[in-house]
Protein chains: 2
Amino acid sequence: MRTFIPTYTMSGNEHFFEGAEKLLEIWFEETSDNRNDLRNIARCDWENVLSHVNCEIISFSKNDLIDAFVLSESSMFVSKRRWILKTCGTTTPLKCLSELIRLASLNGYNIITDLFYSRKNFIRPEAQVAPHKGFTEEVSYLDTLFPNGRSYCLGSMNLECWYLYTFSRSDMKLTGPGHITDEFLDADPDQTIEILMQNLDVNAMSVFNKKNTTSASEATSISGIDKILPSMHIDDFLFDPCGYSMNGINEKGEYMTIHITPENLFSYVSFETNVAMTNYRNLINQVINTFKPGKFIVTIFANKCSLAYETMKELEVEYSKESHWKRTDMQCCNFPSYNLLFAQYSYNGKNNCK
Amino acid sequence: MRTFIPTYTMSGNEHFFEGAEKLLEIWFEETSDNRNDLRNIARCDWENVLSHVNCEIISFSKNDLIDAFVLSESSMFVSKRRWILKTCGTTTPLKCLSELIRLASLNGYNIITDLFYSRKNFIRPEAQVAPHKGFTEEVSYLDTLFPNGRSYCLGSMNLECWYLYTFSRSDMKLTGPGHITDEFLDADPDQTIEILMQNLDVNAMSVFNKKNTTSASEATSISGIDKILPSMHIDDFLFDPCGYSMNGINEKGEYMTIHITPENLFSYVSFETNVAMTNYRNLINQVINTFKPGKFIVTIFANKCSLAYETMKELEVEYSKESHWKRTDMQCCNFPSYNLLFAQYSYNGKNNCK
């Protein structure tokens, strides 16, 4: 929490903030009663959920399809049957899961169809608190709640990597009597792209400091964030003395969210959206050109109904042709209902922006 | 070692043998002196190398292009500038690396271009000895020898998985001044397919027991192993009381190797070959039909010159159409000079062979 709680301090009084977020996304099974809606959960109940995480709501926006909360550490998005929580710093998102499941059940949702928990490796894992002190600990915690959950490590375990725990009800159904059809599995097209950036350009980051910029909307405009996905209605927040968060939502119920830790020693920017596109190459280029990282990770999830599903491999080939980026790692995974693409890039140009 | 050393015994006197092998493959840079050849290394020197691993040579075959050793635990293959060591049980292959590097250097090979160390998760990791007590320990050991090595875990870390440590000189060169061209990187087409099988059919395994079969060649013939790749010259060994190993080599310098732990409680069969094929589907089917596993892992490495490189994705799609096998996991990785496909299957048929 950039404004309300002192940032983590090393024994040597060295200032540090862990920008890398822990990301939880949970889908509940559609029910026959159309009045059921996670957005019926009251604000005070969400505040209670978030108290287990150690963060607070600092801004709120909504439209007919989605509620979007800016948090003291990152964001929460609530749709009819999908819940997303993304929190940075030393927050403990897994600790709110029991309460979240209880609240969902009270609101008519008793069955989780898909769960994704993911994060990049931390810069300072020793600063985290239980159950987030390591991925093994996080997996053990999740295994107590989800039967047949699977854990993965993409990228190089001893260098830089991205961890994923995923539970899919279709995994369980397929092993039981009677298969379910693909049509049932993939009722809604869905895709998520994340771009996790580090070693960012000092000039690009200077915008997200109150010394240089007076308001969140000014930061949004000067940086060009408002031009990345122009259809988004933006709710932005500029932290004191520095740091920036924004949620964007559009009329289709799609979202985007950006979180910026601008300090040069541990700069980090995350971009995430679920907008449907047939090809994410232009979007990736625009995000990269906006924030000018020294290195970044891209992850794309897409289910079989998604427009992105078939084009992920095209992207994989195309993007590597960008001459000033070196792809240092690339993996793809086929899960029962989703495909996942993971790629890691480092700046390799002659005129390095750093 | 099935014949010479007592198998690992649990405190409850339960008989157990870890069939899953540790696999090392090392390529050295071609030298200008064409007389340099790893096959010039003397038998007594190899015996010394293998003493660090805790295994012995029990059979030997060769042709103009490759030397093949059957070991008390699995196999070793030596070509002009490539060395492969595959050992099961509680052997310690990493402990011979320093000696291997010293011997290679004495024979004119000073530069390692590619190194691969891989293994499936052990059934009983607690029975292993240092530095093989865990993948983290193995990585730490390898990191002391290889700068910029990368470690990966394919499959689900908390269920079943396959570990890989890889070092590629091209990784280092690309980060230094001046890029090397693809032509240089991939001078020789190369591919390796491994099929690691568990929960095998009791009848198929009964052939590899001295109670039922009198000789290795009888086991090779009755099982159908000699029909998998008929061009291979086979050197086979039947252990007492049970267990089987074979090496096959052909005139192109290609190899195949099969190792069988037939005991029902911990049955394990590995198949490996580097034969060049445009599509491995028929080969996989033949291997599976020969040994009848309940579940198996396939890994395929192919460099950019390999015929397999472009067809890996085709295989990925095609094989999943086999109705009586359920693909439980699938990942692919793009490394600087190799692509890797990893897939896991479970038997899902009505007439389960188990």
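Residues numbered from 1 in each chain as written. Chains lettered and ligands numbered in written order. Predicted model: local features only at pLDDT ≥ 70, side-chain atom pairs only at ≥ 80, totals over all residues. Heavy atoms only, no water.

Description of the overall build of chain A
Defined as follows: A run of H or I in DSSP becomes a helix once it reaches four residues, and a run of E becomes a strand once it reaches two; helices and strands are each numbered from the N terminus. Contacts between residues were defined by any pair of non-hydrogen atoms, one from each residue, lying within 4.5 Å. With residues, only the protein chains shown are counted as cover, and all accessible areas are computed by Shrake-Rupley using a 1.4 Å probe.
Counting secondary structure elements, chain A contains nine helices and 16 strands. Contacts spanning at least 24 positions in sequence make up 68% of the contacts within chain A whose residues lie at least 6 apart. When the accessible area of chain A is evaluated, it comes to approximately 13700 Å², of which 50% is carbon and sulfur surface.

Description of the packing of helix H1 (residues 43-51) of chain A against helix H2 (residues 97-106) of chain A
All names here are of chain A. As a reminder, the rule being used: Axes here mean lines fitted to C-alpha atoms, for a helix over just the part in contact, with angles spanning 0 to 180 degrees between N-to-C directions. Small angles under 35 degrees read as roughly parallel and large ones over 145 as roughly antiparallel, with 65 to 115 read as roughly perpendicular and the rest as oblique. In a left-handed crossing the near helix is turned counterclockwise from the far helix by less than a right angle, and in a right-handed crossing that turn is clockwise. Nonpolar residues are Ala, Val, Leu, Ile, Met, Phe, Trp, Tyr, Cys and Pro. Charged residues are Asp, Glu, Lys and Arg, and all others, Gly as well, are polar.
At their nearest, the axes of H1 and H2 sit 8 Å apart, and the two run at 155° to each other. As judged from the angle between their axes, H1 and H2 are roughly antiparallel. Between H1 and H2 lies a crossing of left-handed hand. Counting all contacts with H1, which are made through Asp45, Trp46, Asn48 and Val49, the residues of H2 involved are Glu99, Leu100 and Leu103. Looking at the contact of H1 with H2 residue by residue, the class counts come to four nonpolar, one polar and two charged.

Comments concerning the state of the cysteines
Selection criterion: Disulfide: a pair of cysteine sulfur atoms within 2.5 Å of each other.
With the rule as written, the count across this model stands at one disulfide over all chains. Disulfide pairing is shown between A:Cys332 and B:Cys332; the S-S distance is 2.5 Å. Here A:Cys332 and B:Cys332 share a disulfide; its torsion about the S-S bond, 45°, makes the bridge right-handed. Taken together, the residues span two chains, with A:Cys332 in strand S15 (residues 325-334) and B:Cys332 in strand S15 (residues 325-334).

Brief notes about the confidence of the model for chain A
All names here are of chain A. Quick note on the threshold: Confidence of the prediction at every residue is given by pLDDT, a number between 0 and 100.
Overall, the prediction assigns chain A a mean pLDDT of 88, with 86% of residues at 70 or greater. Counting interchain partners and residues more than four positions distant, the pLDDT-below-50 stretch residues 173-186 has 16 contacts. Segment residues 350-354 is flagged for pLDDT under 50; beyond a separation of four residues in sequence, or across chains, it makes 10 contacts in the model.

Details of the UniProt feature "binding site: substrate" (unreviewed entry) in chain A
Residue and element names in this part refer to chain A. Here is the rule: UniProt positions are given in the numbering used here, feature names are shortened, and annotations may be inferred rather than shown by experiment. Exposed residues in this analysis have more than 50% of their type's maximum accessible area, buried residues have under 20%, and partly exposed residues fall in between, with area computed by a 1.4 Å probe over protein chains only.
As annotated in UniProt, the feature "binding site: substrate" (unreviewed entry) corresponds to Phe17, Glu73, Phe239 and Glu263 in the numbering used here. Tracing the sequence through the fold places Glu73 in the loop between strand S3 (67-71) and strand S4 (74-78). Taking the relative accessible area as the measure of exposure, Glu73 reaches 5% and is therefore buried. Within the secondary structure, Phe239 is located in the loop between strand S10 (233-238) and strand S11 (244-249).

Quick notes on the pattern of salt bridges
Residues and elements named next belong to chain A. Rule in force here: The term salt bridge refers to a pairing of a side-chain nitrogen on Lys or Arg with a carboxyl oxygen on Asp or Glu at a separation within 4 Å.
Per the stated rule, a full pass over the model turns up 30 salt bridges over all chains. Two residues, Glu138 and Arg119, come together in a salt bridge whose shortest N-O distance is 2.9 Å. Of this pair, Glu138 sits in helix H3 (residues 135-145) while Arg119 sits in strand S6 (residues 112-120), placing them 19 residues apart in sequence. A single burial state applies to Glu138 and to Arg119, both of which are buried.

Observations concerning the interface of chain B and chain A
Many analyses report the size of an interface as the accessible area lost when the parts associate. Formally: By convention, the term buried area covers the 1.4 Å-probe accessible surface removed from two parts as they join, with the contributions of both added. Any N or O atom pair separated by 3.5 Å or less is treated as a polar contact, with the protein-specific requirement of one donor-capable and one acceptor-capable atom, and with residues adjacent in sequence counted only for side-chain atom pairs.
Taken together, the contacts link 32 residues of chain B with 32 residues of chain A. Summed over both sides, the interface of chain B with chain A buries roughly 2400 Å², with 43% coming from carbon and sulfur. Along the contact surface separating chain B from chain A lie two salt bridges. For B:Asp329, the salt bridge identified is with A:Arg150, shortest N-O distance 3.1 Å. Where chain B meets chain A, there are 19 residue pairs in polar contact (both at pLDDT 80 or more). Secondary-structure elements contributing two or more residues to the side of chain B that touches chain A are helix H3 (135-145), strand S7 (150-155), helix H4 (169-175), helix H9 (308-319) and S15 of chain B. Per-element accounting of the side of chain B that touches chain A gives the leading share, nine residues, to S15(B).

What to know about the packing of aromatic side chains
Which entries qualify depends on this criterion: Here is the rule: rings of Phe, Tyr and Trp (six-membered ring for Trp) pair when centre to centre is within 6.5 Å. Planes less than 30 degrees apart are stacked, more than 60 are edge-to-face, and the remainder are tilted. Comment: the charge-over-ring label is applied if NZ (Lys) or CZ (Arg) is within 6 Å of the ring centre and within 35 degrees of the ring normal.
On inspection of all chains with the given rule, the structure shows 36 aromatic pairs over all chains. Measuring from ring centre to ring centre gives 4.5 Å for B:Phe135 and B:Tyr163, while their planes differ by 20°; the resulting arrangement is stacked. With B:Phe135 in helix H3 and B:Tyr163 in strand S8 (residues 161-168), the pair connects residues that are 28 residues apart, well separated along the chain. Each of the two residues, B:Phe135 as well as B:Tyr163, counts as buried. Ring pairs connect the aromatic residues B:Phe116, B:Trp162, B:Phe301, B:Tyr338 and B:Phe342, which therefore count as one cluster. Taking the ring centre of A:Phe16 as reference, the NZ or CZ of A:Arg124 above it sits at 4.2 Å.

Focus: the relation of the copies chain B and chain A
Heads up, the condition is: The fit set for superposing copies consists of C-alpha atoms from residues with pLDDT of at least 70 in both; the fit itself is least squares.
Superposing chain B onto chain A takes a rotation of 180° combined with a translation of 0.0 Å along the rotation axis, leaving an RMSD of 0.0 Å. Such values leave the two copies arranged in the relation of a two-fold axis. Nearest to the rotation axis, the C-alpha of B:Cys332 is located 2.6 Å from it, this being the minimum over chain B. Comparing contact sets, 100% of the residues at the interface of chain B also lie at the interface in chain A, consistent with an isologous, same-surface contact.

Looking at the UniProt feature "active site" (unreviewed entry) in chain A
All names here are of chain A. According to UniProt, the feature "active site" (unreviewed entry) maps to Ser74, Cys88, Ser245 and His259 in the numbering used here. Across 186 residues in sequence, these annotated residues keep their C-alpha atoms within 11.1 Å of one another, forming a single compact spot. The residues touching Ser245, leaving out its near neighbours within four places in the chain, are Val70, Ser74, Asp235, Asp236, Phe237, Phe239, Ile258 and His259. Residue classification places His259 among the buried residues on the basis of a relative accessible area of 4%. Ignoring anything within four residues of it in the chain, the contact list for His259 reads Glu21, Ser74, Ser75, Lys86, Tyr244, Ser245, Met246, Tyr268, Val269 and Ser270. A polar contact is formed between the side chain of His259 and the side chain of Ser75, at a distance of 3.0 Å.

So, the environment of B:Ser156
Note on placement: B:Ser156 falls in the loop between S7 and S8. Sequence separation between B:Ser156 and B:Asp329 is 173 residues; the distance between their C-alpha atoms is 8.0 Å. Discounting chain neighbours no more than four positions away, the residues touching B:Ser156 are A:Arg150, A:Ser151, A:Tyr152, B:Cys161 and B:Asp329. Engagement of the side chain of B:Ser156 in a polar contact is seen with the side chain of B:Asn158, the distance being 2.7 Å.

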